[in-house]
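Given next are the chains, with one letter for each unit.
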Amino acid sequence: MKNIILINLILLLVTIPGFAQSIDFQGQISSWVTVNGKQVEKSQLGVRYLPELLLEQSLTKALTISTDIALNSYGSGQFNGWDKIATDGGIKPYRLWLRLASSQFEMRLGLQKINFGSAALLRPLMWFDRIDPRDPLQLTDGVYALLLRYYFLNNTNFWLWGLYGNDATKGWEIIPSDQKKIEFGGRWQIPIYNGEFAITYHHRQADLRRGL
């Protein structure tokens with residue numbers, strides 16, 4: 001239902017005359033092969049393709065509206081002997097959001113990635129993504145959220161977010177959140193010398209019926 005509502009909003013914007021002032025279509029394809037040296041017949045072959053469509057329109061000199069639509073399509077084959085091949089595959093939304101932005105403000109709604117900083121290994125604030133540092137593509141599923149960000153002229157920035165309808169674990173979670181409850185939080189971040197200082201808060205209610 002969440003995806004249907006977002007797609008209808010995006011289609012409505014696309015049909016507005018002059019909306020698609022900027023259109024960018026791109027994609028990312030990757031594949032993998034696993035071979036067992038002792039048992040060549042027990043090997044695996046897979047492929048993943050992420051098509052992405054970006055639309056952007058200037059509403060005023062200072063305000064733009066944009067959307068990102070991306071899919072995660074994948075397929076693999078497991079060879080369990082020359083006469084047995086087990087296949088798996090699927091397609092699901094990867095990114096699906098709308099954004100209203102100016103030079104200092106951003107509001108983003110939909111399936112998106114939320115993370116703090118670019119740290120690769122020591123990421124104690126990995127609350128919303130599952131980026132594997134060993135993955136060269138840095139792929140991660142998004143979360144359904146409303147994100148608000150404001151940037152001050154001295155590079156201090158303030159974040160507010162609300163999440164709803166996410167039924168899988170994310171980040172460091174062991175027990176998933178109750179998808180019928182709203183998660184919310186915020187972050188205040190200021191630059192200090194060559195680094196940053198921040199205070200971050202997030203509140204959620206775990207669904208113990210699906211936990212330990």
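Everything that follows concerns the structure shown earlier in this document.
Values in this document were obtained by computation on a predicted structure and should not be read as measured data.

> Give me the lowdown on the nonpolar core, citing residues and values where you can.
Judged by nonpolar contacts, Ile 114, Phe 116, Phe 128, Val 143, Ala 145, Leu 147, Trp 159, Trp 161 and Leu 163 together constitute the single largest core of nine residues. If we ignore the near neighbours within four places in the chain, the residues touching Phe 116 are Leu 125, Trp 127, Phe 128, Trp 159, Trp 161, Arg 187 and Thr 200.

> Tell me what's going on with the pairing of strand β6 (residues 143-151), and back it up with residues and numbers.
Here strand β5 (residues 105-112) pairs with β6 via eight bridges, running antiparallel. Counterpart to Glu 106 in the pairing with β6 is Arg 149. Where β6 lies against strand β7 (residues 157-163), seven bridges are found, and the strand directions are antiparallel. Residue Leu 146 lies in a different strand from β7, and its bridge partner there is Gly 162. From the end of β6 to the start of β7, which pair antiparallel, there are five residues, and Asn 155 there has a positive phi angle of about 75°.

> Please give an account of unusual backbone geometry that cites residues and values.
With a phi close to 55°, Gln 138 is a non-glycine residue in the positive phi region. Tracing the sequence through the fold places Gln 138 in the loop between β5 and β6. Note on Gln 138: relative accessible area 35%, which makes it partly exposed.

The rules we used
Residues numbered from 1 in each chain as written. Predicted model: local features only at pLDDT ≥ 70, side-chain atom pairs only at ≥ 80, totals over all residues. Heavy atoms only, no water. Core = buried A, V, L, I, M, F, W, Y, C linked by side-chain atoms within 4.5 Å. Buried < 20%, exposed > 50% of the residue type's maximum accessible area, 1.4 Å probe, protein only. Contact = heavy atoms within 4.5 Å. Pairing = 2+ DSSP bridges. Helix = DSSP H or I, 4+ residues; strand = E, 2+ residues; numbered from the N terminus.

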